[in-house]
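A look at the structure
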Amino acid sequence: MFPVPVRRPLDEAREFGPEQFGASGPADWCPGCGHAEALEALKAACSGLGVANKDLLCVAGTGCAGSLPEALLSYGMRVPAGRALPVALGAKLVNPDLFVIAVGGEGETAGPGLGHLMHAARLNADLTFLMLDSGSRGFPADERTFEPAMLALAAGATFAARVLAQDSAASAAVMAQAVQHRGFSFVHVLGSCPPGAENLRLQLTGSAAPSPQGGDGTTRADAAPLGVLFDAANVPSYEEFDPVLSRRGAAVRENLGLSPKDIAELEACFK
Amino acid sequence: MNLGIWILGPARQGVGLMGEVLVRLFSRSGLHVCASSGSESPSMGGRVVFKMTASPDRVHVPGEGCAFLVAFDQGAAREKAGEATGGVLFDGDRVRIEAGGLRRHAAAIGLACSELKIEVDRWHLAALGALARLAGMDLGTLDEALRDARKGAASDALAAELSAAKAGFERAGAASPESGLRLQRSDHRRPALSGGQGLALGALASGCKFLAAGPGTESSATLRWLAPRAHRYGMIVRPAEDAGAAVYAAIGAGHAGARGLAVVADAASAVEGMEFAQRAEIPVVVASLGAAGSRFCAGAGCAVLSPAGSTDVLDSTVEAFNLAERFQAPVLLLLDRFLAGETQTVESLRLDAGIDRGLWAVPADEPGASAAPGPSAQGPSAEAPFDRYAETETGVSPRAVPGHDGLMFLADARGSADKLDRKGRSLTRGLKPSLLEGPSDAEITLVGCGCACGPMRHAMRHFNAGGARRVNVFPLRYLRPFPAEEASGPLKSARRLLAVESEPTAPLCRLIRGETGVAVERHCSGPDGGAVDGAECVRRVDEALHD
């Protein structure tokens, strides 16, 4: 028999603290890349809001960013590159009680996931997307040809922010706002890929390695402002428009079989 | 006795409405109907072509013979008038029937707008009224069917349409008062639905609560019928930006505990998502409504169902959802545009089929979970944390949905190949038996799937008329996992084999040979990947019988 999930009230869950999300990160993250700090910030943000780990679904793509749900004691999914957003959307729409966080690296987000980002932003469903940007692929500070937060805003995102991964406290505060925001929220998390990956980047792009503290004394944060860039609090989310979600609630709680009245009505349509 | 009607007209001139009303007219009179609508290629004129067969007996192909032709333009009249055995309906103001262009007993039934005193853009309704009269229908039945089809239309517009239909009805009566065909009718209203509508109904009957539609499916019969009604049954319908997004969104819904369906235009675009769902063991149903052609790309732990004709789509959809949840696997429903667009009458709609949700772990927050775990449960404990991908003999492990205490897990595509293989074998055992239709000792066995099943059954009826035992039919409903053991018997014992499939490159023949070792030497395909025609199938069977 299908066990229907029910969200735990935020007040009850708040007392569990960040420990409920587990203690250690995955072994395959290089020290200092920023992913571990982003993970800690996410744990702090969720526990601060009172989100129970059982009510959190974290959907991530591949690569280093895809390891985040592995390190988070909650429900997690690791999906093919760039596909986190459509999966997260499907899960969120059938069970709006879940807190659904999608995670992607900068390469997959700018590549296979770019179309999904645009449409998720346009739809304004109540999702949070964390783009863990280690700077090894798409968005180095000295090549400002592509600005994902602005792109998300242009597509209709109602919340966009940029944070420095190494500043866990500030990141946690911004992530908490993003999770709380009703509608699509986009958080660009700036990290820095350590030297091992820089070599690869040099081969690929021929340009200098990005780091929070570059050789010329500038930081990635200098190239772009940090914090909440846009927060449209009063824009209705998709869930408020959808005729099923707004009137009937979570689809996972619906009975599956048709009632005799439904059957009679449907049969009449075809006679 | 059968009645075949062909309508050829430009797009957006009312051919679709005529078809819809005609199907209602005949099915409500207790007759069996098979109808299809398609478009010619631009080089052939780009017209909409509607073909229908009505009969007191079950019919399997649309437009079997042409008793009446409705020609909207001169080109249609010139090309097809010679095929009509009963008569050709045309607008006398715009179309001329050339001398000698008709068969001997066929009537030229001119319905000039100027004579009928109707607007040119309502000519199709006059033609509809005339067809109803020629088919021996009464005006009241036509009135009711037209009102139902135009539900929601403005009352003055509907009144003008009814008036145009009545004018055509009366004109046909005056033109050929004795031509009314006398098909044996009854008061039994038969349900009539297209394959696409069968998919929609099957999804509702299965308790599907989330549908993501890929590009190119918006105008399908499934979406056109379902999208405005889905909310009444608690189903969320979302257009997706691409077919992959549709599949992944349905996977997300399935992972969260709802039954998810992705409708895509082509099965090939769903492969990546299905492979992920297979390895992550997430139930999802993907329906492909695309071009004809069999695509069997799926590994162990996936199922590919090909409904045996448009009347089988509803039942196949219900089965697909049950298989998906029972075996925690993606299931591909392989429709094509012919199967999806073909309308047929059925005896009844099975909308209360059983729902099998498969194996679930009992969560710690479920009342009474620790005291009395269910028989299917492997509830977690302090000593044994929940293992979503626990090794089992069947390859199926109890699953959990987000939102429960103690059952947290990471879903990913790193599943063990051995487990998936075991699951594949369990899935094979869980399929319904494939049945041979017709006499077991027939001279030739026709094998095929999907939209080929109608022409195959049509050929069987043709050759077995009068009690002959010449042809039998073996529809293959499962392409993955292929029921090799079960299929080997009928295929190996067949005296002659003919594969019928729309794809000219014969992928079904290769599949059969690969799975059973049986070489199917004779092959009948549609023109340029189009649907196999009933008459062509009969011709090829005749050839094969004389080999």
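Here, the structure is the one placed above.
So, here's what we can say about the structure.

Reading the values: rules and limits
Residues numbered from 1 in each chain as written. Chains lettered and ligands numbered in written order. Predicted model: local features only at pLDDT ≥ 70, side-chain atom pairs only at ≥ 80, totals over all residues. Heavy atoms only, no water. Axes fitted to C-alpha atoms, helices over the stretch in contact; angles between N-to-C directions. Helix = DSSP H or I, 4+ residues; strand = E, 2+ residues; numbered from the N terminus. Contact = heavy atoms within 4.5 Å. Buried < 20%, exposed > 50% of the residue type's maximum accessible area, 1.4 Å probe, protein only. Buried area = accessible area lost by both parts, 1.4 Å probe. Salt bridge = Lys/Arg side-chain N within 4 Å of Asp/Glu carboxyl O. Nonpolar A, V, L, I, M, F, W, Y, C, P; charged D, E, K, R; others polar. Parallel < 35°, antiparallel > 145°, perpendicular 65-115°, else oblique. Phe/Tyr/Trp six-rings, centres within 6.5 Å; stacked < 30°, edge-to-face > 60°. Lys NZ or Arg CZ within 6 Å of the ring centre and 35° of its normal. Pairing = 2+ DSSP bridges.

Moving on, we come to the packing of helix 3 (residues 84-94) of chain A against helix 5 (residues 114-123) of chain A. In the contact formed by helix 3 of chain A and helix 5 of chain A, the axes pass within 8 Å of each other and the chain directions differ by 35 degrees. In this structure, helix 3 of chain A contributes Leu 85, Pro 86 and Leu 89 of chain A to the contact, and helix 5 of chain A contributes His 116, Leu 117, Ala 120 and Leu 123 of chain A.

This part takes up helix 16 (residues 507-516) of chain B. Residues and elements named next belong to chain B. All of the buried residues along helix 16 are Pro 507, Leu 508, Cys 509, Leu 511, Ile 512 and Thr 516. On the buried face of helix 16, the contacting elements are strand 16 (444-448), strand 18 (478-480), helix 15 (484-493), strand 19 (497-500) and strand 20 (522-524). Remark: Gly 517 follows helix 16 within two positions and exhibits a positive phi of approximately 85 degrees.

What follows covers the interface of chain A and chain B. Contacts between chain A and chain B engage 57 residues on the former and 64 residues on the latter. Between chain A and chain B, the buried area comes to about 5000 Å², and carbon and sulfur atoms account for 66% of it. Area buried by chain A at its contact with chain B is led by Tyr 75, Leu 256 and Phe 270 of chain A, which between them contribute 17% of it. Taking the shortest distance from any N to any O, the salt bridge between Asp 405 of chain B and Arg 8 of chain A comes out at 2.4 Å. When contributions to the side of chain A that touches chain B are tallied by element, the ones reaching two or more residues are strand 2 (75-78), helix 3, helix 5, helix 11 (243-248) and helix 12 (260-269) of chain A. Its residues assigned to classes, the side of chain A that touches chain B shows 32 nonpolar, ten polar and 15 charged.

What describes two packed helices is the angle between their axes and the distance between those same axes. Residue and element names in this part refer to chain B. Contact pair helix 15 / helix 16: the axes reach a minimum separation of 10 Å and the direction vectors enclose 110 degrees. By the angle class used here, helix 15 and helix 16 are roughly perpendicular. From helix 15, Ala 484, Ser 488, Leu 491 and Lys 492 reach across to helix 16, where they touch Ile 512, Glu 515 and Thr 516.

Okay, the packing of aromatic side chains next. Under the defined criterion, the tally for this structure stands at eight aromatic pairs over all chains. Plain terms: the ring middles of Phe 2 of chain A and Trp 360 of chain B are 4.9 Å apart, the flat faces sit at 75 degrees to each other, and that makes the pair edge-to-face. Residue Phe 2 of chain A is located in the segment before helix 1 (10-14), and its partner Trp 360 of chain B is located in the loop between strand 14 (343-345) and strand 15 (410-411); the two belong to separate chains. Taking 5.2 Å as the distance between ring centres and 40 degrees as the angle between the ring planes, the aromatic pair formed by Phe 270 of chain A and Trp 225 of chain B counts as tilted. Taken together, the positions of Phe 270 of chain A in the segment after helix 12 and Trp 225 of chain B in helix 8 (residues 221-226) put the pair across two chains. With relative accessibility at 7%, the residue Trp 225 of chain B sits in the buried group. Grouping aromatic residues by their ring pairs yields a cluster made of Tyr 75 of chain A together with Phe 386, Tyr 389 and Phe 409 of chain B. Note that Lys 51 of chain B overlies the ring of Trp 6 of chain B, its terminal NZ or CZ placed 4.1 Å from the centroid. Taking NZ or CZ as reference, Arg 357 of chain B lies 4.4 Å from the ring centre of Phe 2 of chain A, over its face.

Residues and elements named next belong to chain B. Spatially, the eight strands line up as an open sheet ordered 6-5-4-1-3-2-14-7, and their pairing is mixed. Each having just a single partner strand, strand 6 (107-110) and strand 7 (192-194) make up the two edges of the open sheet. Ignoring which end each strand starts from, the neighbouring axes of this sheet average 15 degrees apart. In this sheet, strand 5 (residues 87-90) lies alongside strand 4 (residues 68-71) in parallel orientation, the contact comprising four bridges. What sits directly across from Leu 69, in strand 5, is Val 88.

Purely geometric stuff here, so don't read any function into it on its own.
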